[in-house]
Amino acid sequence: MVEIPRLNFGRRFGHARDLILDALLPPQCLCCGEMVDRQGNLCAPCWSDIRFLEPPCCQACGFPFPYDEGADALCAACSRRRPNYDRARAVLAYDDHSRTLLLRLKHGDRLDGVPAFGQWLARAGSEFWADADLLLPVPLHRWRLLRRRYNQAALLSRALSQHCGLPSRPDLLLRRRATPSQGGRSRAGRARNVQGAFAVRQPDKARLRGCHVVLIDDVYTTGATVSACARILKRHGAARVDVLTLARVL
């Protein structure tokens, strides 16, 4: 009996799809638009300008330290008052170099970088994966989702799921109130703006009991939004709530 070799049609189809995509839409740098070798890449100058956040950092909020102060060291803000979540980590510093990258994702329909962002998030959140249970993207209100057509946090969460092996549940957490934009508000104003804005779907409340949740969002500014989410998740029984974002305002 002659054994017929198996063909990996999925891999071949994916390669053919990528070739067609590159022919129709030549790959461009996610920041500046210069030509690059693959979809979702950065050119060398933009890569060198991006500040990737690394340890050492505050054990709670992830604020970077100039030198190592110990595994349990806290920044001044977290020493005064611990956040509602347990830990927060981010991939990039949000600055003049990374702003274009984030704005193109959020408002410019540039979704070709999402697969790469998923890899970056998996690396930045590596300390979470040993005992985390599920990924929860920060939700948009349905009217804003209708206008924007996609929730960038949900796309990031789905891409990350492929690398960390955890399920992504974009429908478990709801934004029940259409809050105005957080832009231009003070820290206190941001907290007031999202107070009571989130809820857990009734059928999923039992799912949260004893659960280690990782919240996913695009940008961490003051932490008001993820803190409001963490508060409601813990109220419904989540044992731990960690936060992972693509960028963080420093």
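A brief look at the structure comes next.

About the criteria used
Residues numbered from 1 in each chain as written. Predicted model: local features only at pLDDT ≥ 70, side-chain atom pairs only at ≥ 80, totals over all residues. Heavy atoms only, no water. Patch = residues over 30% accessible without salt bridge, like charges linked within 9 Å, V, L, I, M, F, W, Y side chains within 5 Å. Areas by Shrake-Rupley, 256 points an atom, 1.4 Å probe, with all protein chains shown as cover. Salt bridge = Lys/Arg side-chain N within 4 Å of Asp/Glu carboxyl O. Lys, Arg positive; Asp, Glu negative; His and termini not counted. Charge placed at Lys NZ, Arg CZ, Asp CG, Glu CD. Helix = DSSP H or I, 4+ residues; strand = E, 2+ residues; numbered from the N terminus. Buried < 20%, exposed > 50% of the residue type's maximum accessible area, 1.4 Å probe, protein only. Contact = heavy atoms within 4.5 Å.

Side chains of R81, R176, R177, R231 and R235 sit close together on the surface and give a patch of like positive charge. Along the chain, R231 turns up in helix α9 (residues 224-235). We classify R231 as partly exposed; its relative accessible area is 39%.

Within the element layout of this structure, C164 appears in helix α7 (residues 152-164). Taking C-alpha positions, C164 is 6.7 Å from W129, a pair spaced 35 residues apart along the chain. The residues contacting C164, other than those within four sequence positions of it, are W129 and L135.

For the peptide bond that leads from P55 to P56, omega is 5 degrees, which places it in the cis range. Mapping P56 onto the fold places it in the loop between α2 (44-49) and α3 (76-80). Its identity is not glycine, yet R149 carries a phi of approximately 80 degrees, on the positive side. With respect to the helices and strands, the residue R149 is situated in the loop between α6 (142-148) and α7. A residue is classified by how much of its surface remains accessible, and R149, at 55% relative accessible area, is exposed.

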